[in-house]
Amino acid sequence: MAEVGTAAIPPEARETTEPLDLVRLSLDERVYVKMRGDRELSGRLHAYDQHMNMVLGDVEEIITVVDVNEQTYEEIVQTVKKQHEMLFVRGDSVILVSPPTRS
Amino acid sequence: MLFYSFFKTLVGKQVTVELKNDLEIRGTLVSVDQFLNIKLDDVHVVDEQKYPHMMSVKNCFVRGSVVRYVSLPAQHVDTALLQDAARREAQAGR
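This structure is a prediction, so every number in the text was calculated from the model and none was measured. Just so you know, the residues in each chain are numbered from 1, in the order the chain's sequence is written. Lettering of chains starts at A and numbering of ligands starts at 1, both following the order in which they are written. Per-residue local features of the predicted model are confined to residues with pLDDT of at least 70, and side-chain atom pairs are confined, for both listing and counting, to 80 or more; whole-chain, interface and lining totals are unaffected and use all residues. Side-chain measures were taken over the full set of non-hydrogen atoms in the model, leaving aside hydrogen atoms and water.

1. Topic: the interface of chain B and chain A
Turning to step 1, where the next piece is worked out: Between chain B and chain A, the residue contacts involve 30 residues of the former and 29 residues of the latter.
Turning to step 2, where the next piece is worked out: What gets called buried area is simply the loss in accessible area from a 1.4 Å probe that two parts show on being joined, summed for both. The junction of chain B with chain A conceals about 2500 Å² of combined surface from both sides, 56% of it contributed by carbon and sulfur atoms.
Turning to step 3, where the next piece is worked out: The salt bridge criterion pairs a side-chain nitrogen of Lys or Arg with a carboxyl oxygen of Asp or Glu, the two atoms within 4 Å. Taken together, the connections running from chain B to chain A amount to four salt bridges.
Turning to step 4, where the next piece is worked out: The residue R39(A) makes a salt bridge to E18(B) at a minimum N-O spacing of 3.1 Å.
Turning to step 5, where the next piece is worked out: Polar contacts, as counted here, are pairs of nitrogen or oxygen atoms within 3.5 Å of one another; within protein the pair requires one atom able to donate a hydrogen and one able to accept it, and residues that are adjacent in sequence qualify only if both atoms are side-chain atoms. Linking chain B to chain A there are 12 residue pairs in polar contact (both at pLDDT 80 or more). By definition, residues are in contact when any of their heavy atoms lie within 4.5 Å.

Dropping the structure here:
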């Protein structure tokens, strides 16, 4: 199906013709993943599929917890960090995947 | 099919499954199916203080859709093979 119309796309643009290609090009690179439930991950991308199920290595998970003080109604934002050496992530909790920043 | 095959290679290994309700269950992976439903043996809950009602549960079935993470033993994961398989699946899916 991808064969249709590829001749019109210049060679340099062909590499990112569909959204998942951006993820494919991030294989074996550190990616940032935003998750449902105020969770963020950063880790090396080892595998993914069309559901955005993923396996990440050397992962740092950052969980943001917002507490509201009962008297003052002050919002106290706390972050909890967790490390995982190898992590399977189910795709239905994934919000976005960002490739590594190139300098 | 990639992750189904991947999990089949991990049968018999110790894994920690984190569910979407924050419950974390550690146990031996017994079997997995195409929906990534998971069967675990010798289970114990990571935070037993918080979930005392799970003390008597020795084995369980977890519906794939309620899983958030599965934490895996890195020494049993061939990362080069995984990346190749992911590239191949990306090729086949287009």
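2. Re the layout of surface pockets
Turning to step 1, where the next piece is worked out: Cavities and pockets were defined on a 1 Å grid built from protein atoms only: a cavity is a group of points that admits a 1.4 Å probe but offers it no way out, a pocket is an open group of points flanked by protein on both sides within 12 Å along at least five of seven lines, and a lining residue is one with an atom within 4 Å of any such point. Grid points are joined across faces, edges and corners, and a volume is the space filled by probe spheres set on the points. Of the voids in this model, the largest pocket is the one considered here, and its volume is about 270 Å³.
Turning to step 2, where the next piece is worked out: Lining the largest pocket are 19 residues; nearest its centre among them are N53(A), R90(A), Q34(B), F35(B) and L36(B).
Turning to step 3, where the next piece is worked out: Starting at the N terminus, helices and strands are each numbered in turn, a helix being any DSSP run of H or I of at least four residues and a strand any DSSP run of E of at least two. Here the lining of the largest pocket gets three residues from one element, more than from any other, and that element is helix α1 (residues 2–8) of chain B.
Turning to step 4, where the next piece is worked out: Classifying every residue of the lining of the largest pocket gives six nonpolar, eight polar and five charged. Asp, Glu, Lys and Arg are counted as charged, while Ala, Val, Leu, Ile, Met, Phe, Trp, Tyr, Cys and Pro are counted as nonpolar; the rest, among them Gly, fall into the polar class.

3. Observations regarding a nonpolar patch on the surface
All names here are of chain A.
Turning to step 1, where the next piece is worked out: Patch membership requires over 30% relative accessible area and the absence of a salt bridge. Like charges are linked within 9 Å, and nonpolar side chains (Val, Leu, Ile, Met, Phe, Trp, Tyr) within 5 Å. All accessible-area figures derive from a Shrake-Rupley calculation using a 1.4 Å probe, and residue coverage is judged against the displayed protein chains alone. On the surface, a cluster of nonpolar side chains totalling about 420 Å² of accessible area is made up of V66, V68, Y73 and V77.
Turning to step 2, where the next piece is worked out: Checked against the element boundaries, V66 lands in strand β3 (residues 54–68).
Turning to step 3, where the next piece is worked out: Each residue gets one of three labels from its accessible area relative to the maximum for its type: buried under 20%, exposed over 50%, partly exposed in between, using a 1.4 Å probe on protein chains only. Overall, the relative accessible area of 45% leaves V66 in the partly exposed class.

4. Considering the UniProt feature "domain: Sm" (unreviewed entry) in chain B
Turning to step 1, where the next piece is worked out: UniProt positions are given in the numbering used here, feature names are shortened, and annotations may be inferred rather than shown by experiment. The UniProt feature table records "domain: Sm" (unreviewed entry) at residues 2–76 of chain B.
Turning to step 2, where the next piece is worked out: With 9% helix and 41% strand, residues 2–76 of chain B has its two end C-alpha atoms placed 16 Å apart.

5. Notes on the pattern of salt bridges
Turning to step 1, where the next piece is worked out: Within the structure shown, the criterion is met by 10 salt bridges over all chains.
Turning to step 2, where the next piece is worked out: Ionic pairing is found between R39(A) and E61(A), a salt bridge with its closest N-O pair at 2.9 Å. Here the residue R39(A) occupies a position in strand β2 (residues 39–48), and E61(A) occupies one in strand β3, the gap between them amounting to 22 residues. Just as R39(A) is buried, E61(A) falls in that class too.
Turning to step 3, where the next piece is worked out: Among the charged side chains, a network of salt bridges with common partners joins R39(A), E61(A), E18(B), D22(B) and R68(B).

6. Quick notes on the sheet that holds β3(A)
Turning to step 1, where the next piece is worked out: Whether two strands pair depends on DSSP finding at least two bridges between them. With respect to topology, 10 strands assemble into an open sheet ordered β5(A)-β1(A)-β2(A)-β3(A)-β4(A)-β5(B)-β1(B)-β2(B)-β3(B)-β4(B), the strand pairing being antiparallel. In this open sheet, the two strands that pair with only one neighbour each are β5 (94–98) of chain A together with β4 (60–62) of chain B. Between one strand and the next, the sheet's axes are offset by a mean angle of 40 degrees, whatever the strand orientation.
Turning to step 2, where the next piece is worked out: Here, axes are lines fitted to C-alpha atoms. For helices the fit covers the stretch in contact, and angles between N-to-C directions go from 0 to 180 degrees. In the packing of helix α2 (residues 79–92) of chain B onto the sheet, contacts are made with β2, β3 and β4 (75–89) of chain A, and the angle to β2(A) comes to roughly 80 degrees.

7. Notes on α2(B)
An α-helical turn contains 3.6 residues, so a residue and the one three or four places further along point in the same direction.
Turning to step 1, where the next piece is worked out: A helix's residues, less one, multiplied by 1.5 Å, set its expected span. The terminal C-alpha atoms of α2(B), which comprises 14 residues, lie 20 Å apart, in line with the 20 Å expected from a rise of 1.5 Å per residue.
Turning to step 2, where the next piece is worked out: Looking at α2(B), one finds that the buried residues are L82(B), Q83(B) and A86(B). Taken end-on, α2(B) shows its buried residues confined to a sector of 95 degrees, consistent with a single buried face. Turned more than 90 degrees away from the buried face of α2(B) sit L81(B), R88(B) and A92(B), all of them exposed.
Turning to step 3, where the next piece is worked out: Along its buried surface, α2(B) packs onto β2 and β3 of chain A together with α1 of chain B. Here, the arc refers to the directions that run from the helix axis to the C-beta atoms.

8. Looking at the pairing of strand β3 (residues 38–45) of chain B
Residues and elements named next belong to chain B.
Turning to step 1, where the next piece is worked out: When strand β2 (residues 24–32) meets β3, the two strands line up antiparallel, connected through six bridges. If you follow I25 over to β3, its bridge partner there is V45.
Turning to step 2, where the next piece is worked out: Here β2 folds back onto β3 in antiparallel fashion, the turn holding five residues, of which L36 has a positive phi close to 65 degrees.
Turning to step 3, where the next piece is worked out: Bridge analysis of β3 against β4 gives three bridges, and the strand direction is antiparallel. Bridge assignment links K39 to a residue of β4, and that residue is F61.

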